[in-house]
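Geometric and topological summary
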Amino acid sequence: MTISILISCRETYRLSDKEYDWMPYMGNETLVFSSNTGDTDTIFLLQKDTLIAYPEAQSFNGKTYEVVSIFCRHSDPWPPDDKHRYLDNNFVELKKSKDNIARFEFHLSAKDANFYRLTGIRIDSLSQQQTTSLATKSKTYNDVYIIDAEDWLNFKQRSDYVTKLYWSKSEGLIRYDKQDNVYWELIKKYSP
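Chains are numbered independently. Their residues run from 1 in the order of the written sequence. The predicted nature of this model means local features are confined to residues of pLDDT at least 70 and side-chain atom pairs, given and counted, to a pLDDT of 80 or more, with totals for whole chains, interfaces and linings taken over all residues. Excluded from the side-chain calculations are hydrogens and water; all other atoms, namely the structure's heavy atoms, are used.

Quick look at the layout of surface pockets now. Rolled over the atoms, a probe sized like a water molecule indicates the empty space that remains. If you add up the space inside the largest pocket, you get close to 180 Å³. The rule is simple: put a 1 Å grid over the protein atoms alone, call a set of points where a 1.4 Å probe fits but cannot get out a cavity, call an open set with protein on both sides within 12 Å along at least five of seven lines a pocket, and count a residue as lining if it has an atom within 4 Å of a point. Lining the largest pocket we find 13 residues, and of these Glu19, Trp22, Ile123, Asp124 and Ser127 sit closest to its centre. Taken together, the elements giving at least two residues each to the lining of the largest pocket come down to helix H1 (17–20) and helix H2 (123–128). Counting from the N terminus, the helices are DSSP H or I runs at least four residues long and the strands are E runs at least two residues long. It is H2 that contributes the most residues to the lining of the largest pocket, 3 residues altogether. Note on residue categories: nonpolar means Ala, Val, Leu, Ile, Met, Phe, Trp, Tyr, Cys or Pro, charged means Asp, Glu, Lys or Arg, and polar means any other residue, Gly included. Taken together, the residues of the lining of the largest pocket sort by class into 4 nonpolar, 3 polar and 6 charged. Grid points are joined across faces, edges and corners, and a volume is the space filled by probe spheres set on the points.

Okay, here's the thing in structure tokens:
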């Protein structure tokens, strides 16, 4: 009698220390933003999870990859009856993909604001960009990367369309611009 044993040796693509440096959040921060029209909004970061994703679960020896997710509570951009309420959602992800490339995925949703981007932003292409300085009302940041939205499915026609994110490698999201010349800047960041 012959017994055959099949051993699955999944290859896992893990984030490097240099790639982890792009995620400045611990997952318990409160981010307070102020607009140039005098409005304020708060995003509550709820938790940070690191997990291994199995996109090829049915495949014998399929590849797995590491994902770091920040979950948040944010203002509903389209509240029913115009009554403010909060929703829970994914805020940002840093992950290795099936091609072993690290990418950011942003899911910004806030008061009358949504960032639309179907494709992730490659960390290697971001790190090749020239950083810029940005002075806000509360602080000057010298490690800022500008990330443009994508206009797929004509989202640009929506009033909540966010055109750009300003990402500080050391602080995270510090500003976002809407197409109607309204912008929101981080005025306070604190942890309990």
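Below, the discussion takes up the pattern of salt bridges. By definition, a salt bridge exists where a carboxyl oxygen of Asp or Glu is found within 4 Å of a side-chain nitrogen of Lys or Arg. In the structure shown here, the tally under the stated rule is 15 salt bridges. Between Lys63 and Glu11 there is a salt bridge, with its nearest N and O atoms 3.9 Å apart. Taken as a pair, Lys63 in the loop between strand S3 (40–53) and strand S4 (64–75) and Glu11 in the segment before strand S1 (12–13) lie far apart in primary sequence, 52 residues in all. The exposure class assigned to Lys63 is partly exposed, which follows from its relative accessible area of 26%. Classification of residues uses two cut-offs on accessible area relative to the type maximum, computed with a 1.4 Å probe and protein chains only: under 20% is buried, over 50% is exposed, and between them is partly exposed. Take Glu11: its relative accessible area is 42%, and that puts it in the partly exposed class. Salt-bridge contacts for Arg117 lead to Glu150; the nearest nitrogen and oxygen are separated by 4.0 Å. Pair noted here: Arg117 is in the loop between strand S8 (113–115) and strand S9 (121–122) and Glu150 is in the loop between strand S11 (140–148) and strand S12 (161–168), with a separation of 33 residues, a long-range link. Given the relative accessible area of 25%, Arg117 is considered partly exposed.

The side chains of a regular strand alternate, residue by residue, between the two faces of the sheet. Of all 5 residues in strand S6 (residues 102–106), 4 are buried, a share of seventy percent or more. Criterion used throughout: strands pair if DSSP finds at least two bridges between them. Hairpin connection of strand S5 (residues 86–96) to S6: 5 residues between the antiparallel strands, including Asn100 at a positive phi of 65°. As defined by bridge partners, S6 adjoins S9 across 2 bridges and the pair is classed as antiparallel. Bridging across to S9, Arg103 finds its partner in Arg122.

Moving on to the packing of aromatic side chains. Centre distance within 6.5 Å is the pairing criterion for rings of Phe, Tyr and Trp, where only the six-membered ring of Trp is used; planes under 30 degrees apart are then read as stacked, over 60 as edge-to-face, and the remainder as tilted. Under the counting rule described, the total for this entry stands at 13 aromatic pairs. Judged by centre distance (6.5 Å) and plane angle (80°), the rings of Trp22 and Phe104 are edge-to-face. On the criterion of sequence distance, the pair formed by Trp22 in the loop between H1 and strand S2 (30–35) and Phe104 in strand S6 is long-range, its members being 82 residues apart. When sorted by exposure, Trp22 lands in the same class as Phe104, which is buried.

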